[in-house]
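Residues per chain are reported as follows:
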Amino acid sequence: MTGFNTLAIHAGQEPDPATGAVIPPLHLTTTYKQDGVGGLRGGYEYSRSANPTRDTLQTALAALEQGTRGLAFASGLAAEDTLLRTVCRPGDRIVLGGDAYGGTYRLISRVLEPWGVTHSPVDLNDLDAVRAAVAPETTRVIWCETPSNPLLNVSDIAALAEIAHASGTLLVVDNTFASPYLQQPLTLGADVVVHSTTKYLGGHSDVVGGALVVADTELGERLAYHQNAMGAVGGPFDSWLVLRSLKTLGVRMDRHSANAGRVAEWLLEHPGVGDVLYPGLPQHRNHEIAAKQMSGFGGMVSFRLKAGEEAALRVCERAQLFTLAESLGGVESLIEHPHRMTHASAAGSPLEVPADLVRLSVGIEDVDDLLADLDQALA
Ligand SMILES: *Cc1c(COP(=O)(O)O)cnc(C)c1O
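For clarity, every value in this text was computed on a predicted model and none was experimentally measured.

Peer 1: Just to check I follow, could you spell out the domain arrangement of the protein chain for this structure?
Peer 2: Many structure descriptions define interface size as the accessible area lost when the parts assemble. The domain boundaries assigned to the protein chain delineate domain 1 (4–246) and domain 2 (250–377). Relative to domain 2, the C-alpha centre of domain 1 lies at a distance of 25 Å. Tallying the contact residues gives 42 residues for domain 1 and 42 residues for domain 2. At the surface where domain 1 touches domain 2, the tally comes to 2 salt bridges. Across the pair Lys292 and Asp156 runs a salt bridge whose closest N-O atoms are separated by 3.2 Å. At the boundary of domain 1 and domain 2, one finds 18 residue pairs in polar contact (both at pLDDT 80 or more). Counting residues per element, the ones that place at least two in the side of domain 1 that touches domain 2 are helix 4 (102–112), helix 7 (179–182) and helix 9 (236–246). Among the elements that take part in the side of domain 1 that touches domain 2, helix 4 stands out by supplying 5 residues, more than any other. Classifying every residue of the side of domain 1 that touches domain 2 gives 18 nonpolar, 18 polar and 6 charged.

Set out below in structure tokens:
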């Protein structure tokens, strides 16, 4: 089988037949000349329905996740919304992990709930609780984010797929934190993979985008229909930027993982730091599952300050090389306070995150410089 890095560079990306251009052209066009009414060239008619640059990205994403179909959207949340409104009807229920991304929780609890789609948060590590939460008639989706944002919990994808399929439910895995280089949920039995391509797939903090990848061709058709009918498509330039970034995904993830591993070990030794949350640490509560289903542990590290929220805020503000900002997955290191920033929308809900928590997106800079910055920020 062709290797991951070869696919990342070549899947769907043959040199342009018209000119020989090695890099897939950026097709900035809304519409396409027809050779007589209905005489479409290559099926292209209008760029919401299909665009060659977006198609190239979709082909590449499907190859990297080992799915049959990839679909690119304007953002991760646009991908999630399209998915959930394709597969859920009023009266249906979504079972989701107790620490999903704040924006995912907001979409489900504030936008879909008024349309009659309900949800129940559960601890996805408690498989009996998941089994009990799934009602065969109404539960349409089990939503699993692994590793999760920002607590870095890891869920057993194969075990959740078994529970989902026993009751005709879809298992959706948000694979944003791991990327397909470190984890391929469809090969473990998941039905749909969700990405915020804004993060590691884009990798350079310069594009907002999202994607879905599925194994089943019929589900792929339904999602493609809704992608066009709902219209939250990824634009050509955004698609081109993500395609460009995919080529280096493997080398970036290797460096992210190596740097984050060093940072996590360093934090463990620091007297001001309480829990260090990183799936690569042997003491992480889900380390065994992570080692089983991931080929590396990624670039995200969270930790708690023994001295509480004020200390956490101070570290975020004192860091210099780590930029205080939301988002993650770029080559540059970022630091943030989830309780007040990315996860503020989960305040007061079952998905609220601790106030003494700091989240790092460890970039690919020289790790000694990153450790020196943390050292002064924590001093
Ligand atoms: C950022 C993020 C999203 C949402 O993606 P957007 O591109 O910001 O819409 C979903 N899931 C996870 C895990 C994320 O980090």
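Peer 1: What exactly am I supposed to notice about helix 2 (residues 52–64) here?
Peer 2: Three or four residues apart is the spacing at which side chains of an α-helix point the same way, because the helix has 3.6 residues per turn. If you check helix 2, its first and last C-alpha atoms are 18 Å apart, about what 13 residues at 1.5 Å a residue would give, namely 18 Å. Turning to helix 2, the residues buried within the fold contact helix 1 (4–10), strand 1 (69–73), helix 7, strand 7 (210–214), helix 8 (217–230) and helix 9. The opening residue of helix 2, the one whose side-chain oxygen lies 2.9 Å from the backbone nitrogen of Thr53, is Asn51. One or two residues past the end of helix 2 sits Gln66, with phi positive at roughly 55°.

Peer 1: What am I meant to see in the UniProt feature "modified residue: N6-(pyridoxal phosphate)lysine" (unreviewed entry) in the protein chain here?
Peer 2: On the UniProt side, "modified residue: N6-(pyridoxal phosphate)lysine" (unreviewed entry) is annotated at positions that read Lys199 here. Relative accessible area serves as the criterion here: at 10%, Lys199 is assigned to the buried category. Beyond its immediate stretch of four places on either side in the chain, Lys199 contacts Thr176, Ser327, Leu328 and Gly329.

Peer 1: What is the right way to read the state of the cysteines from this model?
Peer 2: Linking two cysteines covalently through their sulfur atoms gives a disulfide. With the rule as written, the count across this model stands at 0 disulfides. Free of any disulfide, Cys88 has its nearest neighbouring cysteine sulfur in Cys144, separated by 16 Å. The class for Cys88 is buried, based on a relative accessible area of 7%.

Peer 1: Is there a simple way to think about the site of the ligand in this case?
Peer 2: Taken together, the neighbourhood of the ligand is formed by 14 residues, with Leu77, Asp174, Ser196, Thr198 and Lys199 sitting nearest. At a separation of 2.7 Å, a nitrogen atom of the ligand approaches a polar side-chain atom of Asp174. Starting from 380 Å² of accessible surface for the ligand in isolation, the protein chains cover 93%. At 3 residues, helix 3 (residues 76–87) tops the list of elements feeding residues into the shell around the ligand. Grouping the constituent residues of the shell around the ligand by class yields 3 nonpolar, 7 polar and 4 charged.

Here is what the cut-offs are and how they apply
Residues numbered from 1 in each chain as written. Predicted model: local features only at pLDDT ≥ 70, side-chain atom pairs only at ≥ 80, totals over all residues. Heavy atoms only, no water. Domains from an automatic or database assignment. Contact = heavy atoms within 4.5 Å. Salt bridge = Lys/Arg side-chain N within 4 Å of Asp/Glu carboxyl O. Polar contact = N/O pair within 3.5 Å; in protein donor to acceptor, adjacent residues only side chain to side chain. Helix = DSSP H or I, 4+ residues; strand = E, 2+ residues; numbered from the N terminus. Nonpolar A, V, L, I, M, F, W, Y, C, P; charged D, E, K, R; others polar. Expected span 1.5 Å × (residues − 1). UniProt positions renumbered as here; feature names shortened; annotations may be inferred. Buried < 20%, exposed > 50% of the residue type's maximum accessible area, 1.4 Å probe, protein only. Disulfide = S-S within 2.5 Å. Near = heavy atom within 4 Å. Areas by Shrake-Rupley, 256 points an atom, 1.4 Å probe, with all protein chains shown as cover.

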